[in-house]
Amino acid sequence: MSTEERREPTDVRRCLLDQAARMLADEGAAALSVRRLVKAVSASTMAVYTYFGSMPGLVRALMKEGFDRFHTRVEAASAAHPDDPVAELAALCRAYQDFAREEPDVYAVMFGGSAIAGFEQTEDDRRLGVHVLRAPRDAIRRCVAAGRFRAGADPDLLVRQLFCQMHGLAHLGRAGYITGAYGSAEVLRGLVLDFARASGDTSRRAAASVTAGLAPQS
């Protein structure tokens, strides 16, 4: 009996996903192949097709797990500032950038920046990406309700503007274009601070809240 046959199906599936994530994190997208993956976990080539249907199916499963991990960060960021919606919004932006920096290849799959193993996003996949806007949109609504952002501001428009800024910063940072006197942390602070002030917050209150929201959580 082979090593694969002695393991529970859920264990084999889990091993394949974990090893694929490690390969992406350690060596990048080019390292991920069926042959290397199954060799690393002592499984047969058929295991990939049995549990995921194809390599693109395995990448899709990785993407969905990436969104689960991302939402864990989002929930923690939201909970850290229950009485300051601007600080909450800043914390959500920090969580976004932290995830993009710490899991760059999974992030690229999540938001359509990678075609690993022939994987292509579907409309259902993109809905998972759009779903990440819910938490910052709700934070923006609370900013409006608290009088921090101008009355009548459109949270659905503002959150899309913020999403474009966060994705642009993450992408340029990953590509090595954030260089010189200001690093990604300084650029992030400037973006969130200007966003809050442009949305109606005062400079003094925005600065205090953004500083609190971007501070590392203990």
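First, a word on what this report is: a plain description of the structure on this page. (Residues numbered from 1 in each chain as written. Predicted model: local features only at pLDDT ≥ 70, side-chain atom pairs only at ≥ 80, totals over all residues. Heavy atoms only, no water.)

**Side note on the packing of helix α6 (residues 85-102) against helix α12 (residues 203-214)**
Remark: α6 packs on α12, axes separated minimally by 7 Å, with the N-to-C direction vectors making an angle of 40°. By the angle between their directions, the pair α6 and α12 is classed as oblique. Relative to α12, α6 is oriented so that their crossing is right-handed. When α6 is examined against α12, the residues V86, A87, A90, A91 and R94 are found in contact with a partner set consisting of S209, V210, A212, G213 and L214. Among the residues making up the contact of α6 with α12, the classes are represented as seven nonpolar, two polar and one charged. (Axes fitted to C-alpha atoms, helices over the stretch in contact; angles between N-to-C directions. Helix = DSSP H or I, 4+ residues; strand = E, 2+ residues; numbered from the N terminus. Parallel < 35°, antiparallel > 145°, perpendicular 65-115°, else oblique. Left-handed = near helix turned anticlockwise from the far one by under 90°. Contact = heavy atoms within 4.5 Å. Nonpolar A, V, L, I, M, F, W, Y, C, P; charged D, E, K, R; others polar.)

**Notes on the pattern of salt bridges**
Tallying each qualifying case throughout the model produces 17 salt bridges. D98 is the partner of R101 in a salt bridge, and the nearest nitrogen-oxygen pair spans 2.9 Å. Here the residue R101 and the residue D98 both occupy positions in helix α6, the gap between them amounting to three residues, near one helical turn. Judged by relative accessible area, D98 falls into the buried class, the value being 13%. If you follow the salt bridges from partner to partner, you end up with R14, D18, E65, R69 and E103 in one network. (Salt bridge = Lys/Arg side-chain N within 4 Å of Asp/Glu carboxyl O. Buried < 20%, exposed > 50% of the residue type's maximum accessible area, 1.4 Å probe, protein only.)

**Some details on the layout of surface pockets**
Using a probe with the size of a water molecule, rolled over the atoms, empty space left in the structure can be pinpointed. Approximately 320 Å³ is the volume found for the largest pocket. The wall of the largest pocket is formed by 15 residues, among which Q97, D98, R101, S184 and A185 lie closest to the centre. For the lining of the largest pocket, the elements supplying multiple residues, two or more each, are α6, α7 (104-110), α10 (155-174) and α11 (184-198). By residue number, the principal contributor to the lining of the largest pocket is α6, which donates five residues. Class assignment for the residues of the lining of the largest pocket results in eight nonpolar, three polar and four charged. Its volume calculated, the second largest pocket comes out at about 170 Å³. Contributing elements (two or more residues each) for the lining of the second largest pocket: α5 (55-79) and α6. Examining the composition of the lining of the second largest pocket, we find that four residues originate from one element, α6, more than from any other. (1 Å grid on protein atoms, 1.4 Å probe; cavity = no way out; pocket = protein on both sides within 12 Å on 5 of 7 lines; lining within 4 Å. Points joined across faces, edges and corners; volume = space filled by probe spheres on them.)

**Points about the packing of aromatic side chains**
For the structure on display, the rule yields nine aromatic pairs. Among the aromatic residues, those joined into a cluster by ring pairs are F67, F70, Y96, F99, Y107, F111 and F163. (Phe/Tyr/Trp six-rings, centres within 6.5 Å; stacked < 30°, edge-to-face > 60°.)

**Some words on empty space enclosed by the protein**
What the rule picks out here adds up to two cavities of 30 Å³ or more. Its boundaries defined by the atoms lining it, the largest cavity holds a volume of some 150 Å³. For the largest cavity, the lining is made up of 13 residues, of which L92, Y96, V132, P136 and M166 are closest to its centre. Elements represented by at least two residues in the lining of the largest cavity include exactly α5, α6 and α10. Split into classes, the residues belonging to the lining of the largest cavity amount to 13 nonpolar, no polar and no charged. Put simply, the second largest cavity is a space of about 30 Å³. In this structure, the second largest cavity is lined by L24, L32, V59, L62, M63, V106, V109 and I116. At the level of secondary structure, the elements contributing two or more residues to the lining of the second largest cavity comprise α5 and α7. Tallied by class, residues from the lining of the second largest cavity come to eight nonpolar, no polar and no charged.

Geometric descriptors of this kind do not, in isolation, establish any biological role.
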